[in-house]
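Observations on the three-dimensional arrangement
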Number of protein chains: 2
Amino acid sequence: MTGDRRRAVVLLSGGLDSATVLAVARDAGFACHALSFDYGQRHQAELEAARRIAQALGAQEHRILPLSLDQFGGSALTDPELAVPEAPTEGIPITYVPARNTVFLALAAAWAEVLGAQDIFIGVNAVDYSGYPDCRPEFITAFQRALDLGTRAGVEGRGFEIHTPLIRLSKAEIVRLGTRLGVDYALTVSCYAADAAGRACGRCDACRLRAKGFAEAGLPDPTRYRGT
Amino acid sequence: MTGDRRRAVVLLSGGLDSATVLAVARDAGFACHALSFDYGQRHQAELEAARRIAQALGAQEHRILPLSLDQFGGSALTDPELAVPEAPTEGIPITYVPARNTVFLALAAAWAEVLGAQDIFIGVNAVDYSGYPDCRPEFITAFQRALDLGTRAGVEGRGFEIHTPLIRLSKAEIVRLGTRLGVDYALTVSCYAADAAGRACGRCDACRLRAKGFAEAGLPDPTRYRGT
């Protein structure tokens, strides 16, 4: 069975969006190779969540690649000296990790080449997003063009398709889509400041967007918050 | 003094080309932040060479980022089960590391953003090259476009310049250029199958191109070969 299905690399953070993307890729019939990064993020509970989600959604395999982005610093998500904001900020927020999706997509492409996969899934979103430039459709298009020119698969005419099934959806639409596809959002961790058990702060940007999504979708919010 | 110079991130493998690039960047007046990767390559002597070169050419700092590309395999440079060819091969060779320059440039951009640097130097070469698609000018142009769209620096109008000073040079021209700029090529290791002491095999693709470069430039070849 598995041998007949097309393979896809699915970037899986352990949050709400990427869990939904994994469900979409599976629903489209792909054998899903989930890829997570241990990049020195504060919210290590994310990686535990990624493991649970990969298993629950029947990923073919799940790899967690160590990646020392914290060596570079420059983001509240990787630098313990920078605080995660608890209120909205103007412009690109301090939680932006420099060139993160560029790095993640590059590594997804490296694995995809080895797997003979032409499809990469990423949960970027340009609607209810946090102001990150690497979540915009024009970036994805440009990156796909670079891959087509800079990889064996591209040169040999197979190329890549970067799938961004959430890019035009609101958080409420994402939550509805995932719920329909059987995602158990209780397994996911979105909070930038989650504790070791994966309980959310309820105040950071990611928590605010997530809670708003469930509220607007009219669905119960299964998030486990600290102190509740 | 240093504070007045523009910063650049220079990708430094420890080979002949990247040593020349570091000398070019220094000569152009940049404060050079050299970046190497420990990506599971067979030729670990490269990294020792990178350390020596960074010091000899006055890099501002030098970081070696661990990166488990060997987890993916698929290349004779990272998979001990695949042999390094000792004769030229057709098409893209087995020493091609999937999406390597895409990954390296992405990480260089991540560091550059944190440093506030707009300049990235890479020693790709489209003349005497090994048939790697990620060494071609059209790839570099496409990748720079992706960075301009996907990074804070790009969105805020500063953007990046990916410098490829060797891209149109023959190996002989590269050797002449570096010699003029004071590169000590005895410090560099190009061989894909170098031993722990950095001595070259004299037979792989990288050795052949390098030896041809010195011969055509009419310069003595300082490479240390095994059994000599």
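Residues numbered from 1 in each chain as written. Chains lettered and ligands numbered in written order. Predicted model: local features only at pLDDT ≥ 70, side-chain atom pairs only at ≥ 80, totals over all residues.

1. A look at the overall build of chain A
Tallying secondary structure elements over chain A gives seven helices and five strands in all. What you see in chain A, going N to C, is helices and strands ordered as β-α-β-α-β-α-β-α-α-β-α-α. Here chain A holds 228 residues, and the buried ones make up 55% of them. (Helix = DSSP H or I, 4+ residues; strand = E, 2+ residues; numbered from the N terminus. Buried ≥ 20, exposed ≤ 12 C-beta atoms within 10 Å, placed from the backbone.)

2. Focus on the sheet that holds strand β5 (residues 161-163) of chain B
Residues and elements named next belong to chain B. Ordered by their spatial adjacency, five strands build an open sheet running β3-β2-β1-β4-β5, and the pairing between neighbours is parallel. Single-partner strands in this sheet number two, and they are β3 (61-66) and β5. Averaged over all pairs of adjacent strands, the angle between strand axes in this sheet comes to 25 degrees, irrespective of strand direction. Here strand β1 (residues 7-11) pairs with strand β2 (residues 31-38) via five bridges, running parallel. Its bridge partner being in β2, Val10 is matched across the sheet by Ala34. Most of the contacts of helix α2 (residues 45-56) go to β2, to which it runs at about 170 degrees, and overall it touches β2 and β3. Packing of helix α3 (residues 100-115) onto the sheet brings it into contact with β1, β2, β3, β4 (119-121) and β5, and relative to β1 it is tilted by some 160 degrees. (Pairing = 2+ DSSP bridges. Axes fitted to C-alpha atoms, helices over the stretch in contact; angles between N-to-C directions. Contact = placed C-beta atoms within 7 Å.)

3. Observations regarding the sheet that holds strand β3 (residues 61-66) of chain A
All names here are of chain A. Taken together, the five strands give an open sheet; going across it, the order is β3-β2-β1-β4-β5, and neighbouring strands pair in parallel fashion. Edge positions in the sheet fall to β3 and β5 (161-163), since each has one partner strand and no second. Strand after strand, the sheet turns through a mean of 25 degrees between neighbouring axes, direction not considered. Where strand β1 (residues 7-11) and strand β4 (residues 119-121) come together, three bridges link them in parallel fashion.

4. Quick notes on the packing of helix α6 (residues 171-180) of chain A against helix α7 (residues 205-217) of chain A
Residue and element names in this part refer to chain A. One can describe the packing of α6 onto α7 by two numbers: an axis separation of 7 Å at closest approach and a directional angle of 70 degrees. Judged on the interaxial angle alone, α7 and α6 are roughly perpendicular. For α6 against α7, the interelement crossing comes out right-handed. Seen from α6, the contacting residues are Lys171, Ala172, Ile174, Val175 and Arg176; seen from α7, they are Leu209, Arg210, Lys212, Gly213, Phe214, Glu216 and Ala217. Here the contact of α6 with α7 is built from residues that sort into six nonpolar, one polar and five charged. (Parallel < 35°, antiparallel > 145°, perpendicular 65-115°, else oblique. Left-handed = near helix turned anticlockwise from the far one by under 90°. Nonpolar A, V, L, I, M, F, W, Y, C, P; charged D, E, K, R; others polar.)

5. Digging into the relation of the copies chain B and chain A
Expressed as a screw operation, the relation of chain B to chain A combines 0.0 Å of axial shift with a rotation of 180 degrees, fitting to an RMSD of 0.0 Å. The superposition of one copy onto the other is thereby described by a two-fold rotation axis. In this assembly, 100% of the residues forming the interface of chain B have copies in chain A that are likewise at the interface, indicating an isologous arrangement. (Least-squares fit on C-alpha atoms with pLDDT ≥ 70 in both.)

6. With respect to the interface of chain B and chain A
Counting residues at the interface gives 40 residues for chain B and 40 residues for chain A. Here the side of chain B that touches chain A takes ten residues from α3 of chain B, the largest share from any one element. The residue makeup of the side of chain B that touches chain A, split by class, is 24 nonpolar, nine polar and seven charged.

7. Re the confidence of the model for chain A
Mean pLDDT over chain A: 87, with 86% of residues reaching 70 or higher. Interface confidence in the predicted complex, given as ipTM, is 0.87; pTM for the same model is 0.89. (pLDDT = per-residue confidence, 0-100.)

8. Quick word on the nonpolar core
In terms of nonpolar packing, the biggest core is built from 148 residues, with Val10, Leu22 and Ala108 of chain A together with Val10, Leu22 and Ala108 of chain B touching the most fellow members. When neighbours within four sequence positions are excluded, Leu22 of chain B is seen to be in contact with Val10, Leu12, Cys32, Ala34, Ile53, Leu57 and Ala59 of chain B. (Core = buried A, V, L, I, M, F, W, Y, C linked by C-beta atoms within 7 Å.)

9. Let's talk about the pairing of strand β2 (residues 31-38) of chain A
All names here are of chain A. Burial analysis of β2 places seven of its eight residues in the buried class, which makes it a mostly covered element. In terms of handedness, the path from β1 via helix α1 (residues 16-27) over to β2 forms a crossover that is right-handed. Bridge count between β2 and β3: six bridges; the pairing is parallel. Looking at β3, one finds that His33 is bridged to Glu61. (Right-handed = clockwise from strand over helix to strand, strands pointing away.)

10. Quick word on helix α3 (residues 100-115) of chain A
Residue and element names in this part refer to chain A. Relative to the 22 Å expected for 16 residues at 1.5 Å per residue, α3 spans 22 Å between its end C-alpha atoms, a close match to the ideal helical length. Burial analysis of α3 places 15 of its 16 residues in the buried class, which makes it a mostly covered element. Downstream of α3 by a residue or two, Gly116 has a phi angle that is positive, lying close to 75 degrees. (Expected span 1.5 Å × (residues − 1).)

11. Some points on the environment of Leu22 of chain B
All names here are of chain B. Counting through the fold element by element, Leu22 comes out in helix α1 (residues 16-27). With 30 C-beta atoms counted inside 10 Å, the residue Leu22 sits in the buried group. Between the C-alpha atom of Leu22 and that of Leu65, which follows or precedes it by 43 residues, the distance is 18 Å.

12. With respect to the environment of Gly123 of chain B
All names here are of chain B. You can see Gly123 is positioned in the loop between β4 and α4 (137-150). C-beta crowding within 10 Å serves as the criterion here: with 24 such atoms nearby, Gly123 is assigned to the buried category. Placed 103 residues apart in sequence, Gly123 and Thr20 show a C-alpha to C-alpha distance of 7.9 Å.

13. Topic: α6 of chain A
All names here are of chain A. Every buried residue belonging to α6 is among Lys171, Ile174, Val175 and Gly178, and all of these are buried. Mapping the buried residues of α6 onto a view down its axis gives an arc of 95 degrees, with all of them on the same face. Those residues of α6 that are buried lie in contact with α1 and α7. Gly182 sits one or two positions beyond α6 and adopts a positive phi of about 90 degrees. (Arc of directions from axis to C-beta.)

14. Topic: the packing of α3 of chain A against α3 of chain B
Their axes nearest at 8 Å, the elements α3 of chain A and α3 of chain B cross at an angle of 165 degrees. As summarised for this structure, α3 of chain A and α3 of chain B are arranged roughly antiparallel, according to the angle between their axes. Once α3 of chain A is placed against α3 of chain B, the crossing between them reads as left-handed. Here α3 of chain A contributes Thr102, Val103, Ala106, Leu107, Ala109 and Ala110 of chain A to the contact with α3 of chain B, which in turn contributes Thr102, Val103, Ala106, Leu107, Ala109 and Ala110 of chain B. Here the contact of α3 of chain A with α3 of chain B is built from residues that sort into ten nonpolar, two polar and no charged.

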